[in-house]
Amino acid sequence: MTFSLAGRDPQTREIGFAVATSSVCVGGRVGALTEGCVVFSQCRTDPRLHRPGLRCWEETQDATAALEAMQQAATALHWRQLGVFPATGAGLHFTGSSCLGVAGGLIGENSLALGNFLGSEDVLPAMVNGFETAKGSLANRLVAGMLAGRAAGGERDPLQSASMAVLGEAGLKDVDLRIDDSSTPLEDLSRMLAEWLPKAAAYRVRALDPDAAPSSSSIEHG
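**Examining the overall build of the chain**
Point 1. The helix and strand tally for the chain stands at 6 helices and 10 strands.
Point 2. The C-alpha atoms of the chain give 17 Å as radius of gyration, which agrees with the globular expectation for 222 residues (17 Å, within 12%).
Point 3. Seen through its principal axes, the chain has C-alpha atoms that stretch 55 × 40 × 30 Å.
Point 4. For the chain, buried positions account for 50% of its 222 residues.

Take a look at the structure:
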């Protein structure tokens, strides 16, 4: 009972995802990424399926092979909803026959929306359109897509958690945020993102060039 959105920015070459669900701690269970690829395992989620998908991607750079690797590793595949979204080329998705409807996936020019137990057939198109037409950073566009999906019906049960991650250059996550238990997880995620983004570049410098990096106190308190 989850809806998720993967997206990429061809200019910055960032790739990332956001997800929300009616249970707690979705960030520990749904979605993973490596350079050039996002994978999803949701519905009756098995986060162990992320590993074969990402491993296959790293070895082959082939989204079809990555999705097949996840399917082959799955038990009770009919309960699984899977997605693979590469940095170039079309995203791929699979929805098992036991996943609760409305369920499925939709591919955009630079995005992939995936969901089950959705409130309406309009949710996935709203997510893709919300992302593709939004302005700003990749992370902000992902939030815009998720909020558009919720406005179109979201999940049938009240949302309880949300998360997002964006991978930038040098294999560093520029964004990695989780709202584990909240009655307003997408609003909380949006607020946390607004607080984080002004600090993100400085923390990247601390990772790549610690000699030239500002202190954490100056980043946090000015």
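**Topic: the sheet that holds strand β5 (residues 80-86)**
Point 1. Within the open sheet, the 4 strands sit side by side as β3-β4-β5-β6. Their pairing is antiparallel. Edge strands, defined here as strands with exactly one partner in the open sheet, are β3 (32-34) and β6 (92-95). When the angles between neighbouring strand axes are averaged without regard to direction, this sheet yields 10 degrees.
Point 2. Direction of pairing for β3 relative to strand β4 (residues 37-43): antiparallel, over a ladder of 3 bridges. Each bridged residue has a counterpart across the sheet, and for Ala32 the counterpart in β4 is Val39.
Point 3. Of the strands in this sheet, β3, β4 and β5 are in contact with helix α1 (residues 50-60), which crosses β4 at around 160 degrees.
Point 4. Its contacts with the sheet place helix α2 (residues 63-73) against β4, β5 and β6, and it is angled at close to 155 degrees to β5.

**Quick word on the packing of aromatic side chains**
Two descriptors summarise a pair of aromatic rings, namely the distance from one centre to the other and the angle between the planes of the rings.
Point 1. Taken as a whole and judged by the stated rule, the model has 2 aromatic pairs.
Point 2. Relative to Tyr203, the ring of Trp196 lies with its centre 5.6 Å away and its plane at 15 degrees, an arrangement referred to as stacked.
Point 3. Taking relative accessible area as the criterion, Trp196 reaches 23% and is therefore assigned partly exposed.
Point 4. For Tyr203, a relative accessible area of 24% puts it in the partly exposed group.
Point 5. Here the guanidinium or amino end of Arg44 rests over the ring plane of Trp79, the centre of that ring lying 3.6 Å away.

**Describing the pattern of salt bridges**
Point 1. One pass over the structure, following the stated rule, counts 7 salt bridges.
Point 2. A salt bridge links Asp176 to Lys173; the shortest N-O distance between them is 3.5 Å.
Point 3. The partly exposed category is assigned to Asp176, whose relative accessible area is 44%.
Point 4. Relative accessible area serves as the criterion here: at 43%, Lys173 is assigned to the partly exposed category.
Point 5. For the salt bridge of Glu195 with Arg191, the shortest nitrogen-to-oxygen distance reads 3.4 Å. Of the two residues, Glu195 and Arg191 are both situated in helix α5 (residues 185-208); the distance of 4 residues between them amounts to about one turn of the helix.
Point 6. Judged by relative accessible area, which is 45%, Glu195 ranks as partly exposed.
Point 7. Taking relative accessible area as the criterion, Arg191 reaches 43% and is therefore assigned partly exposed.

Criteria and thresholds
Residues numbered from 1 in each chain as written. Predicted model: local features only at pLDDT ≥ 70, side-chain atom pairs only at ≥ 80, totals over all residues. Heavy atoms only, no water. Helix = DSSP H or I, 4+ residues; strand = E, 2+ residues; numbered from the N terminus. Rg over C-alpha atoms; globule rule 2.2 N^0.38 Å. Buried < 20%, exposed > 50% of the residue type's maximum accessible area, 1.4 Å probe, protein only. Pairing = 2+ DSSP bridges. Axes fitted to C-alpha atoms, helices over the stretch in contact; angles between N-to-C directions. Contact = heavy atoms within 4.5 Å. Phe/Tyr/Trp six-rings, centres within 6.5 Å; stacked < 30°, edge-to-face > 60°. Lys NZ or Arg CZ within 6 Å of the ring centre and 35° of its normal. Salt bridge = Lys/Arg side-chain N within 4 Å of Asp/Glu carboxyl O.

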